[in-house]
Structures are given as structure tokens and as C-alpha cells.
Amino acid sequence: MNDPTAAAVTPSGAYPLPAPVDDPRFTHGLFSDIAETLQQHGFPYLTSRDRVNLMIALHQFIYAPQETS
């Protein structure tokens, strides 16, 4: 039932995605939903600085760095 070779195979993650020029899914609504979910789970209210840091972290998680020429 336990295949010892299964542990050696690690699927690659779905993230980060290729960085688009503009992604209509990355909205303030998405960000607000995540901030609200954190608060609903007992985390403190986000300050302005926290909001900026969360937006940056979320962007870095979702998108791969853009390559510059």
C-alpha cells in the first residue's frame, strides 16, 4: 500500500505563475478578502503598512519575477 518510490516523486507547485503585464484577477477585492479572512481567524487588524506588505507578499507568491532584458 505504501510505495517507497512515491515519496521520492515531488510534483512541482502550481505557483508562481508567469508574470503577466496585467492580471484582472489581482484586484483590491482579492486582497480585501484575504485580509478579512486573516481577521476572521483571529489575526490582528491590518495597518496601512501591513496592507502594503501583504500585497507585496501575495504578488511575490502568485507571480514569478519578470525577466528584464
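Our subject is the structure listed above.
### Remarks on the environment of Q60
Inference 1: One can find Q60 in helix α2 (residues 48-62).
Inference 2: Overall, Q60 belongs to the exposed group, its relative accessible area being 57%.
Inference 3: A sequence separation of 41 residues divides Q60 from A19, and the C-alpha atoms of the two residues are 9.6 Å apart.

### Things to note about the pattern of salt bridges
Inference 1: On inspection of all chains with the given rule, the structure shows one salt bridge.
Inference 2: In this structure, R25 and D23 form a salt bridge, with 2.8 Å as the shortest nitrogen-oxygen distance.
Inference 3: By relative accessible area, which is 57% here, R25 ends up exposed.
Inference 4: We classify D23 as buried; its relative accessible area is 11%.

### A few points about α2
Inference 1: If you check α2, its first and last C-alpha atoms are 21 Å apart, about what 15 residues at 1.5 Å a residue would give, namely 21 Å.
Inference 2: Those residues of α2 not exposed but buried are L54, L58 and I62. Down the axis of α2, the smallest arc covering the buried residues is 55°, so these residues share one side. The exposed residues of α2 that point more than 90 degrees off its buried face are R49 and Q60.
Inference 3: Buried-residue contacts for α2 involve α1 (28-40).

### Thoughts on the environment of F31
Inference 1: Tracing the backbone shows F31 in helix α1.
Inference 2: Since its relative accessible area comes to 4%, F31 is described here as buried.
Inference 3: F31 sits 28 residues away from H59 along the chain, and the two C-alpha atoms are 10.0 Å apart.
Inference 4: Filtering out sequence-adjacent residues up to four positions away, F31 remains in contact with R51, L54 and M55.

Each value, and the rule that gives it
Residues numbered from 1 in each chain as written. Predicted model: local features only at pLDDT ≥ 70, side-chain atom pairs only at ≥ 80, totals over all residues. Heavy atoms only, no water. Helix = DSSP H or I, 4+ residues; strand = E, 2+ residues; numbered from the N terminus. Buried < 20%, exposed > 50% of the residue type's maximum accessible area, 1.4 Å probe, protein only. Salt bridge = Lys/Arg side-chain N within 4 Å of Asp/Glu carboxyl O. Expected span 1.5 Å × (residues − 1). Arc of directions from axis to C-beta. Contact = heavy atoms within 4.5 Å.

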